[in-house]
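Descriptive structure summary
Below, each chain spelled out in residue letters.
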Amino acid sequence: MLVEISCDLFNQKTIKFHRGLNIVTGTELGANSIGKTLFLLIIDFIFGGTDYLKEIKPAHSVLGHHKFEFSFQFGKEIFTFCRGTQNSNEILKVNYETGELNSISLDDYKQFLKDNYLGNFDLSFRKATSLLSRIPRKKNISNPSDPLANHGDSNHQKSITTLFKLFEKFNDLEDIRYQIEKLEDDKKLYNISKKRGELTISNKQELIDGKKQLEVILNEIDALLVNEKITTSIEFSKDTVEKINKKNELVAKKNILYIQLTKINNLFFNRAKNISEKLNLLSCYIDGVNKEKIEKINKFHDDISSHMKSYQKKHKDNIVIQINKILGEIKKTNNEIEQSLNLKNNLSEIKDKLIKLIEQKQSLEKNIINFEAYQNIRPNLAKLEEDELKKFEDIKKSINKELSDEIYELSKLVFDSFIEFPKFEINNKRSYYYGLVNDTGTGRGFASLIIFDIALLSLTKLPYLIHDSILFDSIENITTEKLLFCYSNNKQSFIAIDKIKNFTKEAKDFIEEKTVISLSKEQKLFKFDWNQQENQNG
């Protein structure tokens, strides 16, 4: 858990935390610019976030660059780090016993947090934890009925996938999806080989004829090998079969690599007309087209995609190298087969016939196997898609029940029994519902959002949540009090709250017990007055 944060610019230099609920309190009038939200952003910064640096008026633009020293406790061991605003992608690991400072990257630091908080988990640390960090800068508090929208992204299909991963139920579904994609690739490979004329069997009648022809060829091969006069060619024929098998395997690998190469070319290297040509054409039909602005936007997107293109070009070059290597091996294998024809000249004619029969046999067997496999693709795909749907329904039912039960139990503690409780339900792969069927009030909506977060924190490996005071602004005092007692006692919750004057004594005592820092106009988060310091800098 997070133990403490220190900063030389804080009024309260070191702020210590405890297990369970940690509260930062504001004033009775809900004063702004005292540091409540900023402090929650700093906590998010400590957990590997970057939004603290992206504020409209970031702290370092007013106070100058600064750093935070902070400690975590995992088991009995304390780990201390330092992260600053200037080189925020570099984290210093502090060892007070030896006096050593070891620099690690931000990615390595986030991996450290994941290893200690989540262990073997199917989501990155930030992807998992940022969902429950509800601070205005993160844009995930605007719609309480869409609690899985992360950073304002309201794609329900992505949200449901993330939810499945949070409940550690996605792997089985992913395994089925992998098998489906493999069959679809096999289908594409078959069609490509067919277009190239490499396959001669394309219907059931041709399959029957091919099997009859294969039987005739096998009988001819047996007749040649049984002949006592050419028993010395038996080893030769086995060696040739091995070489032909090797050649066929190499050709199959080559075809798969060609498919990958085609995908890359289609995705990144089939360029459309130059943008300026399109803009000139557009200008002919629409007056006032801001070509300069559109070209800037296009350049921005080109800059983003250039990084992907660079990676894909390396991948393409690697595939081309592999194809050339395989072509060389195919040529070498062909030469070995050719050389074997020069052995035992006295049996040359018989060997030529035997080689021809073996090649026909290999070709027919390949065509028969490929066509039968192709015939099985459609029913196998249908079966896998049915299995995928059933598995999805099973997982959906399980998560719906777990979340709904937990939300119901929390709602009983917060709302009156005669009031409708919030409901959660995954409808299908692309849609879920959360909220109140007959209630659109803002206060009830945010109370339901808080309940959802507490339920998700309780049911998954998620280690903490962050709730800004804006979530409580429209909620009635009595409801807010009940919500406070619902926050987990085992996992850390960091919340900001103000205007507690009219709370009950029990609630006030509870808030006082859980408060880690109290902020006001007189006692702000930083030593320097935010507005005055900005005016001086200006």
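Position labels on residues start from 1 in each chain and follow its written sequence. Only residues with pLDDT of 70 or above have their local features reported here, since the model is predicted, and side-chain atom pairs are shown and tallied only from 80 upward, although totals for entire chains, interfaces and linings are computed over all residues. Remark: hydrogens and water are excluded; side-chain values derive from all non-hydrogen atoms of the structure.

Moving on to the overall build of the protein. Along the backbone of the protein there are 15 helices and 13 strands. When a residue's accessible area, from a 1.4 Å probe over protein chains only, is under 20% of the maximum for its type it is buried; when over 50% it is exposed; and in between it is partly exposed. Across the 538 residues of the protein, 42% fall into the buried class. For the protein, restricting intrachain contacts to residue pairs at least 6 apart in sequence, the fraction spanning at least 24 positions comes to 70%. Put simply, DSSP marks the helices as runs of H or I at least four residues long and the strands as runs of E at least two long, and each gets a number from the N terminus on. By definition in these notes, contact holds between two residues if any of their heavy atoms fall within 4.5 Å.

Our focus in this paragraph is the confidence of the model for the protein. On a scale of 0 to 100, pLDDT captures the predictor's confidence in every residue. On average, residues of the protein score 83 in pLDDT, and 81% of them reach the 70 mark or higher. When the criterion is pLDDT under 50, residues 269–274 qualifies, and its contacts beyond four places in sequence or with other chains add up to 8 contacts.

The next thing to look at is the packing of aromatic side chains. Only Phe, Tyr and Trp rings take part, Trp by its six-membered ring, and two of them pair if their centres are within 6.5 Å. Stacked means planes under 30 degrees apart, edge-to-face means over 60, and tilted covers everything else. Throughout the structure, instances matching the rule amount to 36 aromatic pairs. For the ring pair Phe-10 and Phe-39, a centre distance of 6.5 Å and an interplane angle of 65° mean the geometry is edge-to-face. With a gap of 29 residues between them, Phe-10 in the loop between strand E1 (2–6) and strand E2 (14–16) and Phe-39 in helix H1 (residues 36–46) connect regions that are remote in the sequence. The pair formed by Phe-10 and Phe-39 is uniform in burial state, with each residue classed as buried. Whether a charge sits over a ring depends on NZ of Lys or CZ of Arg being within 6 Å of the ring centre and within 35 degrees of the ring normal. Between Arg-83 and the ring centre of Phe-45, over which it is positioned, the NZ or CZ distance is 3.9 Å. The residue whose ring lies beneath Arg-444 is Phe-415, and the NZ or CZ to ring-centre distance is 4.3 Å.

The next subject is the layout of surface pockets. The distinction between a cavity and a pocket rests on a 1 Å grid over the protein atoms alone: a 1.4 Å probe fits inside a cavity but cannot get out, while a pocket stays open yet meets protein on both sides within 12 Å along at least five of seven lines, and a residue with an atom within 4 Å of a point counts as lining. Grid points are joined across faces, edges and corners, and a volume is the space filled by probe spheres set on the points. Taken as a whole, the second largest pocket encloses approximately 450 Å³ of empty space. Lining the second largest pocket are 18 residues, and of these Leu-189, Ala-252, Lys-366, Ile-369 and Asn-370 sit closest to its centre. Of all the secondary structure elements, the ones that give two or more residues to the lining of the second largest pocket are helix H6 (171–195), helix H8 (233–269) and helix H11 (348–414). With 8 residues, H11 is the largest single contributor of residues to the lining of the second largest pocket. Only Asp, Glu, Lys and Arg are considered charged, only Ala, Val, Leu, Ile, Met, Phe, Trp, Tyr, Cys and Pro nonpolar, and every remaining residue, Gly among them, polar. Considered class by class, the residues forming the lining of the second largest pocket number 10 nonpolar, 5 polar and 3 charged.

This next bit is on helix H5 (residues 156–166). Of all 11 residues that make up H5, 8 are buried, and the element is covered over most of its length. Polar contact is defined as a pair of N or O atoms within 3.5 Å, subject to the rule that within protein one atom must be able to donate a hydrogen and the other to accept it, and that residues adjacent in sequence are counted only when both atoms are side-chain atoms. At the N-terminal end of H5, a side-chain oxygen is found 3.0 Å from the backbone nitrogen of Gln-157, two or three residues along, and the residue is Asn-155. Taken from the residues just after H5, Glu-168 is the one with a positive phi, measuring 55°.

Here we come to the pattern of salt bridges. Each reported salt bridge corresponds to a side-chain nitrogen of Lys or Arg within 4 Å of a carboxyl oxygen of Asp or Glu. Throughout the structure, instances matching the rule amount to 22 salt bridges. Across the salt bridge formed by Lys-16 and Glu-4, the nearest N and O atoms sit 2.6 Å from each other. With Lys-16 in strand E2 and Glu-4 in strand E1, this pair connects stretches of sequence that are 12 residues apart. For Lys-16, a relative accessible area of 54% translates into the label exposed. Under the relative-accessibility criterion, Glu-4 is labelled buried at 19%. The salt bridge involving Lys-429 is made with Glu-388; its shortest N-O contact spans 3.7 Å. Remark: Glu-388 occurs in helix H11 and Lys-429 occurs in the loop between strand E9 (423–428) and strand E10 (431–435); sequence separation between them is 41 residues. Judged by its relative accessible area of 30%, Lys-429 falls in the partly exposed class. Take Glu-388: its relative accessible area is 8%, and that puts it in the buried class. One connected set of salt bridges, linked through shared partners, spans Arg-177, Glu-388 and Lys-429.

Bringing the environment of Thr-25 into the picture now. Tracing the chain through its elements places Thr-25 in strand E3 (residues 21–25). In this structure the C-alpha to C-alpha distance between Thr-25 and Ser-520, which are 495 residues apart in sequence, comes to 8.4 Å. Looking at Thr-25, its side chain comes within polar contact range of the side chain of Ser-518, at 2.9 Å.

The backbone of Glu-168 sits at a positive phi, close to 55°, despite the residue not being glycine. Within the fold, Glu-168 resides in the loop between H5 and H6. Positioned with a positive phi, Lys-499 is a non-glycine residue whose angle comes to about 55°. With respect to the helices, strands and loops of the structure, Lys-499 is situated in the loop between strand E12 (492–497) and helix H14 (505–514).

In this scheme, strands are said to pair when DSSP sees at least two bridges between them. Strand order in this open sheet of 5 strands is E8-E11-E12-E3-E13, and the pairing throughout is parallel. Unpaired on one side and paired on the other, strand E8 (133–134) and strand E13 (515–518) mark the two borders of the sheet. Examined bridge by bridge, E3 and E13 share 3 bridges and lie parallel to one another. For Thr-25, the partnering residue across the bridge sits in E13 and is Ser-518. Lines fitted to the C-alpha atoms define the axes, with helices restricted to the stretch that makes contact. Angles between their N-to-C directions range from 0 to 180 degrees. Sitting on the sheet, H14 is in contact with E3 and E13, with an inclination near 100° to E3.

The next point concerns the sheet that holds strand E6 (residues 90–95). If you trace the 6 strands from one edge of the open sheet to the other, you get E2-E1-E4-E5-E6-E7, paired in antiparallel fashion. Across the chains shown, the open sheet's two edge strands, defined by having one partner strand only, are E2 and strand E7 (100–105). Taking each pair of neighbouring strands and ignoring which way they run, the sheet shows an average axis angle of 25°. Two elements, strand E4 (residues 67–74) and strand E5 (residues 77–84), share 8 bridges in a ladder whose sense is antiparallel. By the bridge assignment for E5, Phe-74 is matched with Glu-77.

Moving on, we come to the environment of Ser-145. Relative to the elements of secondary structure, Ser-145 occurs in the loop between E8 and H5. Sequence spacing of Ser-145 and Gly-445 is 300 residues, and the spatial spacing of their C-alpha atoms is 7.0 Å. Residues contacting Ser-145, with those up to four places away along its chain left out, are Tyr-432 and Tyr-434. A distance of 2.6 Å separates the side chain of Ser-145 from the side chain of Asn-143, its partner in a polar contact.

As a further point, take the side chain of Thr-460. Note on placement: Thr-460 falls in the loop between helix H12 (442–459) and strand E11 (464–467). At 2.7 Å, the side chain of Thr-460 forms a polar contact with the backbone oxygen of Leu-456. Every residue in contact with Thr-460, bar those within four places of it in the chain, is listed here: Leu-166, Phe-167 and Lys-491.

Before going further, it helps to spend a moment on the pairing of E12. In terms of burial, E12 is a largely internal element, 6 of the 6 residues being buried. With burial as the criterion, each face of E12 is covered, one bearing Gln-492, Phe-494 and Ala-496 and the other bearing Ser-493, Ile-495 and Ile-497. Bridge count for E3 against E12 is 5 bridges, and the pairing is parallel. Counted as the bridge partner of Leu-21 is Ser-493 from E12. Bridging between E11 and E12 involves 4 bridges; their strand directions are parallel. Opposite Tyr-464, over in E12, you have Gln-492 as the bridge partner.

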